[in-house]
Amino acid sequence: ADNAEKLGVDLAAVDFAVLSHGHYDHGGGLATFLEINQTAPVYLTEAAFLPHYNGTQKYIGLDTSLGDHPRLRVVSGDLSLGDGLTLLTPNGRTRNHSLGAFGLTERVGDVFVPDDFRHEQYLLVNDGDRRILFSGCSHKGILNILSWFRPDVLVGGFHFKSLDPHSPQLRALGEAMAKYDTVFYTGHCTGEEQFAVLKEILGDRLHAIRTGSVVEI
């Protein structure tokens, strides 16, 4: 909210909001948004409020007191929002590529199991000529997401920050990404050193975004 004010963005005038997934670094401002904006619905998956953790000690989920807020719109599958906007929740699709859960978990009773990220969704903007996909952290795997949707532009994190930037694995991921005709705008969980390696491979098809960036696509 502070950054939006600095950028001259009126959160009270937002028509609707989309929560990419149920982690606090993406949905921790939900209560503030609902207070500032009195009308906009918020779209999130049915698994968004499950108890998500980093390991077994650190809770990284959402504020569960908001779970029954009347403006939340729970999405269980793909949903058209009109005007070329579609929410995508590909939980039934095959994941041919996996980097694991990086220690992120879901608490099921007294047991912690690896997060399967079924709480993650994506926003597709189709303007007739291009498919622009917004992803939060691409927890389901950036290569899976590319193969499922084949966007012309992808905006989102890759969740590579835990990978060794000098590893053949990271370079192989970049080379696999380069096979798609996609332009990438990324930040947050991609990692600075990892970004530099990807930049060598993807060149001018990879761009960094940071707080305050304005991108015209």
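Residues numbered from 1 in each chain as written. Predicted model: local features only at pLDDT ≥ 70, side-chain atom pairs only at ≥ 80, totals over all residues. Heavy atoms only, no water.

1. Observations regarding the packing of helix α4 (residues 142-149) against helix α5 (residues 168-177)
Working step 1: For the pair α4 and α5, interaxial distance at closest approach is 10 Å and the crossing angle is 10°. With respect to their mutual orientation, α4 and α5 come out roughly parallel. Taking contact as the criterion, the partners of Ile142, Leu143 and Leu146 in α4 are, on α5, Leu173, Ala176 and Met177.
Working step 2: Taken together, the residues of the contact of α4 with α5 break down into six nonpolar, no polar and no charged. (Axes fitted to C-alpha atoms, helices over the stretch in contact; angles between N-to-C directions. Helix = DSSP H or I, 4+ residues; strand = E, 2+ residues; numbered from the N terminus. Parallel < 35°, antiparallel > 145°, perpendicular 65-115°, else oblique. Contact = heavy atoms within 4.5 Å. Nonpolar A, V, L, I, M, F, W, Y, C, P; charged D, E, K, R; others polar.)

2. Considering the pattern of salt bridges
Working step 1: Applying the stated rule across the entire model yields five salt bridges.
Working step 2: Between arginine 118 and aspartate 116 there is a salt bridge; the shortest N-O distance is 2.9 Å.
Working step 3: Residue classification places arginine 118 among the partly exposed residues on the basis of a relative accessible area of 29%.
Working step 4: Close ionic contact of glutamate 192 with arginine 210 constitutes a salt bridge, the shortest N to O distance being 2.9 Å. Taken together, the residues glutamate 192 in helix α6 (residues 192-202) and arginine 210 in the segment after β14 (206-208) connect sequence positions 18 residues apart. (Salt bridge = Lys/Arg side-chain N within 4 Å of Asp/Glu carboxyl O. Buried < 20%, exposed > 50% of the residue type's maximum accessible area, 1.4 Å probe, protein only.)

3. Focus on the sheet that holds strand β5 (residues 72-75)
Working step 1: Read across the open sheet, the three strands follow the order β1-β2-β5; overall the sheet is parallel. Of all the strands in the sheet, the pair left with one neighbour each is β1 (17-18) and β5. (Pairing = 2+ DSSP bridges.)

4. Looking at the pairing of strand β9 (residues 111-114)
Working step 1: Sheet topology places strand β8 (residues 104-108) next to β9; four bridges connect them, and they run antiparallel. Across the sheet, arginine 107 pairs through a bridge with phenylalanine 112, a residue of β9.

5. Considering α6
Working step 1: Along α6, the positions that sit buried rather than exposed are Gln194, Phe195, Val197, Leu198 and Leu202. For α6, the angular spread of the buried residues around the axis is 160°, confining them to a single face. Relative to its buried face, α6 has exposed residues pointing more than 90 degrees away, namely Glu192, Glu193 and Glu200.
Working step 2: Of the surrounding secondary structure, the elements contacted by the buried residues of α6 are α5, β13 (183-186) and β14.
Working step 3: Where α6 ends, the next residue or the one after it, glycine 203, has phi of about 60°, a positive value. (Arc of directions from axis to C-beta.)

6. Quick notes on α4
Working step 1: Taking burial as the measure, the eight residues of α4 include seven buried ones, the bulk of the element.
Working step 2: Among the residues making up α4, those that are buried are Ile142, Leu143, Asn144, Ile145, Leu146, Trp148 and Phe149.
Working step 3: Residues of α4 that are buried make contact with β7 (85-88), β10 (122-126), β11 (131-134), β12 (153-155), α5 and β13.
Working step 4: Positive phi appears at arginine 150, one or two residues downstream of α4, with a value of about 45°.

7. Thoughts on the sheet that holds strand β3 (residues 52-54)
Working step 1: Spatial ordering of the open sheet is given by β4-β3-β8-β9, a layout of four strands whose pairing is antiparallel. Lying at the two open borders of the sheet, with one neighbouring strand each, are β4 (58-59) and β9.
Working step 2: In the sheet, β3 pairs with β8 via three bridges, with the strands oriented antiparallel. Directly across from histidine 52, in β8, lies its bridge partner glutamate 106.

8. Considering the environment of valine 14
Working step 1: Tracing the backbone through its elements, the reader meets valine 14 in the loop between α1 (2-7) and β1.
Working step 2: A sequence separation of 14 residues divides valine 14 from glycine 28, and the C-alpha atoms of the two residues are 18 Å apart.
Working step 3: Here valine 14 is in contact with Phe33, Asn37 and Ala40, once residues within four sequence places are set aside.

9. Some details on the packing of aromatic side chains
Two aromatic rings are characterised by how far apart their centres lie and by the angle between their planes.
Working step 1: In this structure the tally under the stated criterion is seven aromatic pairs.
Working step 2: Their ring planes at 85° and their centres at 6.0 Å tell us that phenylalanine 16 and tyrosine 43 sit as a pair that is edge-to-face. One end of the pair, phenylalanine 16, is in the loop between α1 and β1; the other, tyrosine 43, is in strand β2 (residues 42-45), with 27 residues separating them in the sequence.
Working step 3: Ring centres of tyrosine 53 and tyrosine 59 lie 5.4 Å apart, and the angle between their planes is 75°; this geometry places the pair in the edge-to-face category. (Phe/Tyr/Trp six-rings, centres within 6.5 Å; stacked < 30°, edge-to-face > 60°.)

10. Topic: the nonpolar core
Working step 1: If you look at the biggest cluster of nonpolar residues, it comprises 24 residues, and the most contacted ones within it are Phe158, Phe160 and Met177.
Working step 2: Listing elements by their share of this core, those giving two or more residues are β10, α4, α5 and α6.
Working step 3: Take this core: its biggest share by element is six residues, from α4.
Working step 4: Non-local contacts of phenylalanine 158, meaning those with residues more than four positions away in its chain, are made with Cys137, Ser138, Ile142, Met177, Phe184, Thr186, Cys189, Thr190, Leu198 and Leu206.
Working step 5: Counting twelve residues, the second-largest nonpolar core is a separate cluster that includes Leu19, Phe33, Leu44 and Leu66. (Core = buried A, V, L, I, M, F, W, Y, C linked by side-chain atoms within 4.5 Å.)

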